[in-house]
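If you want the building blocks of each chain, they are given just below.
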Amino acid sequence: MEKPGKKLKKLIVITGTTGVVYAGFRYLLPLVAPFFIGYLVALMLRPSARFLSYRLRLRIRGKTRHLPVGVVGGAEFLLLITLLGAGLYWGLVKLCQEGKMLALQLPIWVEQFDLWLTGSCREMEQTFGLREGRVADVVSEMLTNLIQAGKQSAMPALMANSVTVIRWGVGITVVFVVLFLAVVLSLQEMDDLRVRRDLSVFRREFAMIGKRIVHTGKAWFKTQGIILSLITMLCILGMAAIGNPYYIMAGIGIGVLDALPIFGTGTVLIPWSLICLFMGRWGRALALFALYLICYLIREYLETKLMSNQVGLSPLETLAAVYVGLQLFGFPGFILGPLGLLLIEDLVEAWT
């Protein structure tokens, strides 16, 4: 049986470690995130950058010199960003093409909605014995007022959001520049950084934290990749089953949307199913809602199951850590929650 003093010491260590991990995630991580990500990118680029650095030579003033590994790694990083940007540009072009087709189809949908709304109003008038056109006039007035209110509130919101977008654009540019420089300098100073780490009095903690971050990060990316692929395939099959002519693009778009923070498949599938329900297409509405439920249950189950199997936590511990992380840190808490719990367990074990 443990002595009261030992239990109190362990309780103090657990409380202090939890506070340190929380403060680090809440206040320190946002400040060092570009440098941390840059260091991770540098680790991934280092083998190829060193290989090319020793084989690419420049002759300057009669002397043959190797290209600095930081320069080679920076060029590789810019190439990767360019390829990623090209892929996003291609996706946006495809999205705009689909948007044009949707714009051509929109008047037909509006006309169908108008016919359905007029028919519903006439049925109500006949049911309640009202004058013909009375309900239709009320509904038309309500829709007109709604459109006017939307127009009046749209301009201030647009101006405010324009300033926000500009601020975000400037911030993203600054972060990208810092990230690029962090990659280049980390590649150039990688050996010195490792020597400093090995000579530090906190080398054991650094090694422990680095191992946990890498292991948990791999588990998170693997989990999201599996879920994204599975849900995208289900959405493509679901779109094909309901006869959507753009089932591939629609399925990929909904699958990618599901992987984004806040959005999810319900952003598209729930409003779509409600529209089909109001238009009397019961079968399609039921199919879309069923597809949403399947995708939602698969994500909720697999996120907990796959993460727990890979990071060494039980499903209940993973679920609790993910929930607490989401409550404390928002969407990043999905990975920060389990990572924080693992770090607390490791540090407490090392310090007690």
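Quick caveat: nothing in here was measured; it's all calculated off a predicted structure. (Residues numbered from 1 in each chain as written. Predicted model: local features only at pLDDT ≥ 70, side-chain atom pairs only at ≥ 80, totals over all residues. Heavy atoms only, no water.)

S.K.: Whenever I open this one, the overall build of the protein chain confuses me. Can you help?
M.R.: A tally of helices and strands in the protein chain yields 10 helices and 2 strands. In sequence order, the protein chain lays out its α and β elements as α-β-β-α-α-α-α-α-α-α-α-α. Here the protein chain holds 352 residues, and 27% of them are scored as buried. Considering only contacts in the protein chain between residues 6 or more positions apart, those separated by 24 or more positions represent 66%. (Helix = DSSP H or I, 4+ residues; strand = E, 2+ residues; numbered from the N terminus. Buried < 20%, exposed > 50% of the residue type's maximum accessible area, 1.4 Å probe, protein only. Contact = heavy atoms within 4.5 Å.)

S.K.: Please explain the side chain of Ser 53 as it appears in this structure.
M.R.: Checked against the element boundaries, Ser 53 lands in helix H1 (residues 4-55). For Ser 53, the contacting residues outside a window of four places in its chain are His 66, Leu 67, Pro 68, Val 69 and Val 72.

S.K.: I tried to follow the UniProt feature "transmembrane region" (unreviewed entry) in the protein chain on my own but got confused; where do I start?
M.R.: When the UniProt feature table is mapped onto this chain numbering, "transmembrane region" (unreviewed entry) sits at residues 27-45, 66-92, 165-187, 219-240, 246-270, 282-299 and 319-344. Secondary structure content for residues 219-240 is 100% helix and 0% strand, while the C-alpha to C-alpha distance between its ends is 32 Å. Its end C-alpha atoms 16 Å apart, residues 319-344 is made of 88% helix and 0% strand. (UniProt positions renumbered as here; feature names shortened; annotations may be inferred.)

S.K.: Looking at this structure, I do not really get a nonpolar patch on the surface. What am I missing?
M.R.: Together, Leu 78, Ile 81, Leu 84, Leu 88, Phe 176, Val 177, Leu 181 and Leu 185 make up an exposed nonpolar region whose accessible area comes to about 680 Å². Broken down by secondary-structure element, the contributors of at least two residues to the nonpolar patch are helix H2 (69-128) and helix H3 (134-188). With respect to the secondary-structure elements, Leu 181 resides in helix H3. Looking at Leu 181, the relative accessible area reads 44%, which means it is partly exposed. (Patch = residues over 30% accessible without salt bridge, like charges linked within 9 Å, V, L, I, M, F, W, Y side chains within 5 Å. Areas by Shrake-Rupley, 256 points an atom, 1.4 Å probe, with all protein chains shown as cover. Salt bridge = Lys/Arg side-chain N within 4 Å of Asp/Glu carboxyl O.)

S.K.: Looking at this structure, I do not really get helix H5 (residues 203-241). What am I missing?
M.R.: In an α-helix, one full turn covers 3.6 residues, which means residues spaced three or four apart are oriented alike. Helix length check: H5, at 39 residues, gives a terminal C-alpha distance of 57 Å against a target of 57 Å (1.5 Å per residue), a fit within 8%. Of the residues flanking the end of H5, it is Gly 243, one or two places downstream, whose phi is positive at about 80°. (Expected span 1.5 Å × (residues − 1).)

S.K.: Help me out: how do you make sense of the pattern of salt bridges in this one?
M.R.: Oppositely charged side chains can pair when the atoms bearing their charge come close. Taken as a whole and judged by the stated rule, the model has 2 salt bridges. As a salt-bridge pair, Asp 258 and Arg 299 come within 2.6 Å of each other at their nearest N and O atoms. Note that Asp 258 is positioned in helix H6 (residues 247-259) and Arg 299 in helix H8 (residues 282-311), a separation of 41 residues in sequence.

S.K.: Sorry, what's going on with the packing of helix H7 (residues 266-278) against H8 here?
M.R.: Each pair of packed helices gets described by two things: the angle between the helix axes and the distance between those axes. At their nearest, the axes of H7 and H8 sit 8 Å apart, and the two run at 160° to each other. By the criterion of interaxial angle, the relationship of H7 to H8 is roughly antiparallel. Crossing hand, H7 versus H8: left-handed. Facing H7, whose interface residues are Gly 266, Leu 269, Ile 270, Trp 272, Ser 273, Cys 276 and Leu 277, H8 presents Trp 282, Arg 284, Ala 285, Leu 288, Phe 289, Leu 291 and Tyr 292. Across the contact of H7 with H8, the residue classes break down as 11 nonpolar, 2 polar and 1 charged. (Axes fitted to C-alpha atoms, helices over the stretch in contact; angles between N-to-C directions. Parallel < 35°, antiparallel > 145°, perpendicular 65-115°, else oblique. Left-handed = near helix turned anticlockwise from the far one by under 90°. Nonpolar A, V, L, I, M, F, W, Y, C, P; charged D, E, K, R; others polar.)

S.K.: Can you help me understand the packing of aromatic side chains in this one?
M.R.: How two aromatic rings sit relative to each other is given by the distance of their centres and the angle of their planes. Summed over all chains, the structure comprises 6 aromatic pairs. Note on Phe 25 and Phe 329: the rings are 6.0 Å apart at their centroids and 80° apart in plane angle, and the pair reads as edge-to-face. Here Phe 329 lies in helix H9 (residues 315-329) and Phe 25 lies in helix H1, a separation of 304 residues in the sequence. Each member of the pair, Phe 25 as well as Phe 329, carries the same accessibility label: buried. (Phe/Tyr/Trp six-rings, centres within 6.5 Å; stacked < 30°, edge-to-face > 60°.)

S.K.: Would you mind going over the packing of H5 against helix H10 (residues 333-351) with me for this structure?
M.R.: Interhelical geometry of H5 versus H10 gives an angle of 150° and a closest axis separation of 10 Å. Taken together, H5 and H10 sit at an angle that is classed as roughly antiparallel. Along this stretch, H5 crosses H10, giving a crossing that reads as right-handed. Between H5 and H10, the residues in contact are Arg 204, Glu 205, Met 208, Ile 209, Arg 212, Ile 213, Thr 216, Gly 217, Trp 220 and Gln 224 and Phe 334, Ile 335, Leu 339, Leu 342, Leu 343, Asp 346, Leu 347, Ala 350 and Trp 351, respectively. Per-class residue counts for the contact of H5 with H10 are 12 nonpolar, 3 polar and 4 charged.

S.K.: Would you mind showing me how to read the nonpolar core here?
M.R.: Generally speaking, soluble globular proteins have nonpolar side chains that are buried together. With 15 residues, the main nonpolar core has Met 239, Leu 269 and Leu 288 as its most contacted residues. Considering every element that reaches this core, the biggest residue donor is H8, with 7 residues. Setting aside anything within four residues of it in sequence, one finds Leu 269 in contact with Met 239, Ile 254, Leu 288, Leu 291 and Tyr 292. Listed in part, the 12 residues of the second largest apolar core include Met 208, Phe 329, Leu 336 and Leu 347. (Core = buried A, V, L, I, M, F, W, Y, C linked by side-chain atoms within 4.5 Å.)

S.K.: What should I look at first to understand the state of the cysteines in this one?
M.R.: Defined simply, a disulfide is a covalent bond joining two cysteines at their sulfur atoms. Under the criterion given, the structure shown has 0 disulfides. No disulfide involves Cys 235; its sulfur sits 4.0 Å from the nearest other cysteine sulfur, which is in Cys 295. (Disulfide = S-S within 2.5 Å.)

S.K.: Looking at this structure, I do not really get the environment of Thr 304. What am I missing?
M.R.: For Thr 304, the position within the fold is in helix H8. Along the primary structure Thr 304 and Thr 318 are separated by 14 residues, whereas in three dimensions their C-alpha atoms are 6.0 Å apart. Other than its neighbours up to four places away in sequence, Thr 304 contacts Pro 315, Thr 318 and Leu 319.

S.K.: Whenever I open this one, the side chain of Ser 273 confuses me. Can you help?
M.R.: By the secondary structure assignment, Ser 273 is in helix H7. Residue Ser 273 is classed as buried on the basis of its relative accessible area, which comes to 6%. The contacts of Ser 273, once residues within four sequence positions are left out, are Ala 285, Leu 288 and Phe 289.

S.K.: What is the right way to look at the environment of Val 72 in this model?
M.R.: Structurally, the position occupied by Val 72 is in helix H2. Judged by relative accessible area, Val 72 falls into the buried class, the value being 7%. Separated by 22 residues in the primary sequence, Val 72 and Arg 50 place their C-alpha atoms 8.0 Å from one another. Other than its neighbours up to four places away in sequence, Val 72 contacts Ala 49, Leu 52, Ser 53 and Leu 67.

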